[in-house]
Amino acid sequence: MFKEAIFIETIKILDGKVYNIEWHNHRCNRTRQDFFNDSKQIHLQDYIEAPLKGLFRCRVVYAKEILLVEYIPYQAKKFKNFKIVQSNIEYNYKYANRAVLNNLKKEVYNDNEIIIEKNGLLTDTTIANIAFYDGKSWLTPKRPLLEGTMRMKLLENGFLKEKDIKSKDIKHFVNFALMNAMIGFQIQKKITDITIKEKRCL
């Protein structure tokens, strides 16, 4: 359908309210600047007609210009286990084509998720940034695959701190959380209840 580099923003809409639009605008315009050398500022809210009732995932597809806006009813996924997968994947922009991420999950059951380890450091899951609680502070990997909008917001307001985190460090933490535009900051379970299965290299 589209021939050039294509990107998306996934924006939460609840009962007509559009969430964290300033952070989505920031990432969208930074991406357009990096790929198309376009300094014109796009305001995504100008393209959104928010449904007035219900929870929706607003999917904005764009390149240099906005290409498509979709509204998809949203229901959060729940995961039973998290498996560490080693990979040298590059995904520092929110590409519309997620094949590289989906391939990492091929052998993982639907009720499980992966935590991607790159160059010996934990990064993200396939759908969210991550954070660990050490009893005093919430720490998020210093080098994520993708700088999510919720992660950016929570770093800006001081709720999160950045730190290089290795898989061997997990035993020192007491809680684990996922964060993205749709779920916000969501504590999963106690670290001792998480099954971090054997590492797999891809």
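Please refer to the structure placed before this passage.
Rules used throughout
Residues numbered from 1 in each chain as written. Predicted model: local features only at pLDDT ≥ 70, side-chain atom pairs only at ≥ 80, totals over all residues. Heavy atoms only, no water. Helix = DSSP H or I, 4+ residues; strand = E, 2+ residues; numbered from the N terminus. Buried < 20%, exposed > 50% of the residue type's maximum accessible area, 1.4 Å probe, protein only. Phe/Tyr/Trp six-rings, centres within 6.5 Å; stacked < 30°, edge-to-face > 60°. Lys NZ or Arg CZ within 6 Å of the ring centre and 35° of its normal. Pairing = 2+ DSSP bridges. Contact = heavy atoms within 4.5 Å. Axes fitted to C-alpha atoms, helices over the stretch in contact; angles between N-to-C directions. Expected span 1.5 Å × (residues − 1). Core = buried A, V, L, I, M, F, W, Y, C linked by side-chain atoms within 4.5 Å.

1. Re unusual backbone geometry
- In this structure, Asn37 takes a positive phi of about 50° despite not being glycine.
- Within the fold, Asn37 resides in the loop between α1 (21-36) and β3 (55-62).
- Positioned with a positive phi, Asn119 is a non-glycine residue whose angle comes to about 55°.
- Note that Asn119 resides in the loop between β6 (112-118) and β7 (121-122).
- The exposure class assigned to Asn119 is exposed, which follows from its relative accessible area of 65%.

2. Considering the packing of aromatic side chains
- This structure, assessed with the given rule, holds 17 aromatic pairs.
- Look at Trp138 and Phe185: their rings are 4.9 Å apart centre to centre, the planes differ by 85°, and that puts the pair in the edge-to-face class. With Trp138 in strand β9 (residues 138-141) and Phe185 in strand β12 (residues 184-190), this residue pair connects regions lying 47 residues apart in the sequence.
- Taken together, the ring pairs in this structure connect Phe7, Phe35, Phe36, Tyr62, Tyr91, Tyr93 and Tyr95 into an aromatic cluster.
- Lying over the aromatic face of Tyr19, Lys12 brings its terminal NZ or CZ to 4.6 Å of the ring centre.

3. Some remarks on the sheet that holds β3
- Pairing is antiparallel across the open sheet formed by 4 strands, whose spatial order is β2-β1-β3-β4. The strands lining the two open edges of the sheet, one partner per strand, are β2 (17-18) and β4 (66-73).
- Across 2 bridges, the pairing between strand β1 (residues 7-14) and β2 is antiparallel. Of the residues in β2, the one forming a bridge with Leu14 is Lys17.
- Of the strands in this sheet, β1, β2 and β3 are in contact with α1, which crosses β1 at around 170°.

4. Considering the pairing of strand β8 (residues 129-133)
- Burial runs high along β8: 4 of the 5 residues are buried.
- Sheet topology note: the β8/strand β11 (residues 175-180) ladder contains 5 bridges and is antiparallel. Looking at the pairing, Asn129 lines up with Met179 of β11.
- Taking the residues that link successive antiparallel strands as the turn, the β8-β9 hairpin has 4 residues, and the phi of Gly135 there is positive, at about 100°.

5. Some remarks on α1
- Helix length check: α1 (16 residues) gives 22 Å between terminal C-alpha atoms against 22 Å at 1.5 Å per residue, within 8%.
- When α1 is considered as a whole, its buried residues turn out to be Ile21, Trp23, His24, Asn25, Arg27, Cys28, Asn29, Thr31 and Arg32.
- Packing partners of the buried residues in α1 comprise β1, β2, β3 and α3 (149-156).

6. Comments concerning α3
- Considered for burial, the residues of α3 that qualify are Thr149, Met150, Arg151, Met152 and Leu154.
- A positive phi of about 85° marks Gly158, the residue just after α3.

7. Focus: the nonpolar core
- Grouped together as the largest cluster of nonpolar side chains are 15 residues, with contacts concentrated most on Ile115, Leu122, Ile130, Phe132, Phe176 and Leu178.
- When contributions to this core are tallied by element, the ones reaching two or more residues are β5 (81-86), β8 and β11.
- For Ile130, the residues in contact, after removing those within four places along its chain, are Ile115, Leu122, Thr123, Asp124, Thr125, Leu139, Thr140, Pro141, Phe176, Ala177, Leu178 and Met179.
- By size, the runner-up hydrophobic cluster in this structure holds 14 residues, among which are Phe7, Ile21, Phe56 and Ile66.

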